[in-house]
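# A structural walkthrough
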Amino acid sequence: MLNSRRRPLGLALAGLALAGTVAGCSNAKGSSDGGSSSGDQQFTFWDPYPQFDGSSDWVKLVSSCGKDAGATIKRTGYDTSDLANKALLAGQQGSSPDIIVIDNPVISTLADAGVLTSADELKLDTSAFAENITAAGVVDGKTYGVPIGANTLALYYNADLLKKAGVDPASVTSWETLNAALAKVKAARGKGITFSGIGTEEGSFQFLPWFWGSGADLKDLASADGVSAVNLWADWLKKGYAPNSVINNTQTTAWQEFATGKFGFVENGTWQMGNAAKLGFKYGVISIPGKDGGAAPAPTGGEFVSAPVQKDAGRYATTTKIIDCLTNPGNLLKTDTTLSYIAPIADVQQQQVTEDPKLAPWVKAVGDAKGRTSDNLGTNYPIISEQMWGAFQNAMSGSASAESAMKTAQEAAASKVK
Amino acid sequence: MSIRTADRTSRVDTRVSTREERPPRYRRLLGWAYLVPVLVYLIAFYAYPLYRNVELSLRDYTVRSFVSGDARFIGLDNFREVFSSPTFASAIIHTAIFTFVSIAFQYVIGLALAVFYNQNFRLSGTLRALFLVPWLLPLIVSASTWSWLLNSESGVVNAALEAFGLPQINWLTSPTWSLIAVIIANIWIGIPFNLVILHSGLQNIPDELFEASALDGADAWRTFRHVTFPLLKPVSAITLLLGFVYTLKVFDIIWIMTRGGPGASSTTLSTWSYQLGFGSLLPHFGPGAAVGNILIIVALVFGLLYIRYENAQAKR
Amino acid sequence: MNRALKTVVGVVLTAVMLFPVYWMFNVSLTGTSDMRRDPPYLFPLHPTFTGYQAVLRDQMPYLGTSLAIGLGTVVLTLLVAAPAGYSLAKLRPLGGQPLTFILLIAQMIPGIIMAMGFYAIFLSAGIINTWWGLVIADSTLAVPFAVLIFTAFMSGIPDELISAAKIDGAGSWRTFLHIVLPISRNPIVTVSLFAFLWAWSDFIFASTLNSGGTMQPITLGIYKYIGNNNQEWNSIMATAVVASIPAAFLLVVAQRYVAAGVTAGAVKD
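Taken together, the contact between chain C and chain B spans 86 residues of the former and 82 residues of the latter. Of all the secondary structure elements, the ones that give two or more residues to the side of chain C that touches chain B are helix 1 (3-17), helix 2 (19-28), helix 4 (60-91), helix 5 (96-106), helix 6 (111-125), helix 7 (131-155), helix 10 (185-200) and helix 13 (233-265) of chain C.

With that out of the way, let us pick up the domain arrangement of chain A. Where the parts come together, the accessible area they lose is often given as the size of the interface. Residues and elements named next belong to chain A. Structurally, chain A comprises domain 1 (32-147 + 301-368) and domain 2 (153-299 + 374-416). Summarising the inter-unit geometry, the C-alpha centres of domain 1 and domain 2 are found 30 Å apart. Taken together, the 17 residues of domain 1 in the interface contact 18 residues of domain 2. Sorting the residues of the side of domain 1 that touches domain 2 by element identifies helix 4 (104-112) and helix 16 (360-368) as the ones contributing at least two each.

In this section: the interface of chain A and chain B. Listed by partner, the interface residues are 31 residues for chain A and 24 residues for chain B. Counting only elements with at least two residues in the side of chain A that touches chain B, the list comes to helix 3 (80-93), helix 4 and helix 17 (380-397) of chain A. In terms of residues, the side of chain A that touches chain B owes the most to one element, helix 17 of chain A, which gives eight residues. Within the side of chain A that touches chain B, the residues separate by chemical class into eleven nonpolar, 17 polar and three charged.

Per-residue confidence for chain A gives a mean pLDDT of 86, with 90% of residues at or over 70. Scored below 50 in pLDDT, residues 1-38 of chain A shows 62 contacts in the model against residues more than four places distant or in partner chains.

Residues and elements named next belong to chain C. Domain boundaries assigned for chain C yield domain 1 (1-48) and domain 2 (51-265). On the domain 2 side, the residues contacting the eight residues of domain 1 number seven residues. Across the side of domain 1 that touches domain 2, the residue classes tally to five nonpolar, three polar and no charged.

As a further point, take unusual backbone geometry. Most peptide bonds take the trans configuration, and most residues that are not glycine carry a negative phi. Residue and element names in this part refer to chain A. Although it is not a glycine, Asp140 adopts a positive phi angle of roughly 55 degrees. You can see Asp140 is positioned in the loop between strand 5 (138-139) and strand 6 (142-143). Here Arg189, not a glycine, exhibits a phi torsion of approximately 65 degrees, which is positive. Secondary-structure assignment places Arg189 in the loop between helix 8 (175-187) and strand 9 (191-194).

Quick look at the packing of helix 9 (residues 178-203) of chain B against helix 10 of chain C now. It is the contact of helix 9 of chain B with helix 10 of chain C, at a shortest axis distance of 11 Å, that shows an interaxial angle of 175 degrees. Put simply, helix 9 of chain B runs roughly antiparallel to helix 10 of chain C. Taking contact as the criterion, the partners of Val196(B), Ile197(B), Ser200(B) and Gln203(B) in helix 9 of chain B are, on helix 10 of chain C, Asn186(C), Thr190(C) and Leu193(C). Split into classes, the residues belonging to the contact of helix 9 of chain B with helix 10 of chain C amount to three nonpolar, four polar and no charged.

The rules behind the values
Residues numbered from 1 in each chain as written. Chains lettered and ligands numbered in written order. Predicted model: local features only at pLDDT ≥ 70, side-chain atom pairs only at ≥ 80, totals over all residues. Contact = placed C-beta atoms within 7 Å. Helix = DSSP H or I, 4+ residues; strand = E, 2+ residues; numbered from the N terminus. Domains from an automatic or database assignment. Nonpolar A, V, L, I, M, F, W, Y, C, P; charged D, E, K, R; others polar. pLDDT = per-residue confidence, 0-100. Axes fitted to C-alpha atoms, helices over the stretch in contact; angles between N-to-C directions. Parallel < 35°, antiparallel > 145°, perpendicular 65-115°, else oblique.

See the structure below:
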């Protein structure tokens, strides 16, 4: 009787010891990193790139910037949707990292929480950076970080499919011409356009070019222009120009649909350039058209580098050095090429285009782009965004008309913003 | 009759009874010695987070006051905000539907499978073990796989429907079907739990009872109704109660599949709590915690009902 | 129904239940251009092995850590819960019933709330970002459930057996070790199974408490393929497939103990 009880327990303990040894010996490369040299101070560094481990260019760059500044960097990569909450939690517990790289619309939230130091306190020079990109990190006139790179949205098109359908991509310059092109693609037995209309910030991100391109302003969702943008999307679904799956699509899923070769257009971003090269058909990129012509302003994606508040203000000197190192023009070219971002400094942008001409339409798009939290929307933006995505979700799924959906959204947003 | 006697001796009593034969005082104090680890657990790991959650719901937490820790006490304002929100009614209704339908199907299917696999045929053990494989998968994988299966355009379920000439259903993107889609996925995830516990309960029924029943001339269904099911009542009760508690908490599946949408068509109290707290770029901890506490209160009520049921059973 | 037919039905039922798992396997071998194909391929007709290459290259340490955490959780849960179940079932201390009720309620606290609370505790105790700290956190998923299960099953052990041991001069601890535990093989295996499975698939605790650690479980390892804008689904699914294999093996082996426990757990009058 004793044996039968001991055996499973013994087995478990043996397994435990074995597993522990295996895990310990094959020392996890993990997504955290730290080289050490005695005498250096240890600085913590958080970023939203868990896909990069110790052997990647990004981590090597971070470590070397640290060494140049006289610090050993302990770097951890987190899931981006989680990083804001972790930053808040760490701020509450007084264990904030020294440097954080985080999605640009979150900067105003963290600044509002008092977690970040301003560029003035850090004595950081932000004049070289393009204004429309830096604007996302400006709260009440103070800058709370510098952009590390920008990306934005444009329309990729399937050149082969459009040719078959008799559509000239250069003719797509307004909503009208876009709809005409979609009709032609559908007539040629293709599927029109796909995008991400999911009920998260990703969906809002994809909706904004159409919203801003109609002339609407985030401070008034229920304007006629804003409603027309929602109607654009809802009509696409009704007419069959866009598949029903867009209601739940992430940007990755939308890209996968495009990659099947059946779609004429996909609204997607700079980061897909690497994948675009692997497509089984010829493709091209055009700016997202505004309602009445011209390029629509698209929202800026991309992260900012920022310095959370530390108890020991003496650390800021080294922190500033590290941030300078990461974002100086020389290193920016390397960083942004690795991350598939457009540089936030005009000169470096030119260098990027020289090296890779395919980036030209993207540089233009980034030049036309706008920060979501700009216009001093700051922490009001997430509130408005949440209502906005609820509205277009309801309109696309047929539970409400575009007008009533946006009206409800505007009322809810207005009651909650500061 | 033999069945009656068996009923009393091998009934699994989940209630801690205070019957005639009270153990001596020393014994009872000694009992607490065994409970020390669990008590430490409860205080450190449950009481503290629960206290934090109640506190979060009673104060006005902005991101700034969350970080600095000096939020204003506002009493039940967060709860008032939650009750008057248009989403509240939908969340309650959806939670009720989601929970009761899921549990009903999970339990019935789990029970049927447990009885079926309890028989000793070739591979019955291995096949039953394989039923647990879904639990090995991180929820992000299982939920994503179901999203894949139920995709309006490229999902295999719609492809099958099309092959049979049936209309395609927008499982995840239609307000009518989104709740049904997440219920289906949740039933799938819950079956192994019911299967394992009910099977364990079945193992505890001595073979002699089944033999006696067969000798009495009862067929499979009668044996089930008069022998198996009554003897499984205590185990069933705890399975259903735990299933209820766990289903109330279900969040990952719904969140990954539909985010509670479109609109609020598949929002339950659990997803709403997360959405308020962490769902947008601006966390709204107060109302999120308030909804979380409402959930806990609902579970408390059902827990009390269970205890009353148990007491009534013991008195019989 | 004869036995062969039962086996066939059994196989069909299991196959239906595991179809989504098969689909996961299917996706792991699918290339990007076929992922959203309408209608989808039932079999990976143009397989790509990049997912598996990525997994074998990156994920092995994570698997080892997950295994260690899973087994550690099992051991800790059994150590804490089995004596508690024995006490509540047999020693019946005063206030035992409220305690059972509290254990029930304890399971209601949403995971994210627990995780946020733990963050503060673990940070001050200095055990944040350790794999064995995660063992403690993951065991909180299983302990209340385990205590309830042990209490339930141990209540069914006839008092005569306990009194017999007492007459032989055994104290409560010896009775526990030599009489109660050996009979309790069923609940021990049941509890172990669930403790392992819950620890294996836990994400919220791992993410909050061990994101910065050097030894991370597989649920975090998967995030290597979930970038901030791009997700590599075939790698994600391949990770899940590879992660399931050793655990599935453990499951099949463990179920033998439940089956063999029919006579061991039976109660003779």
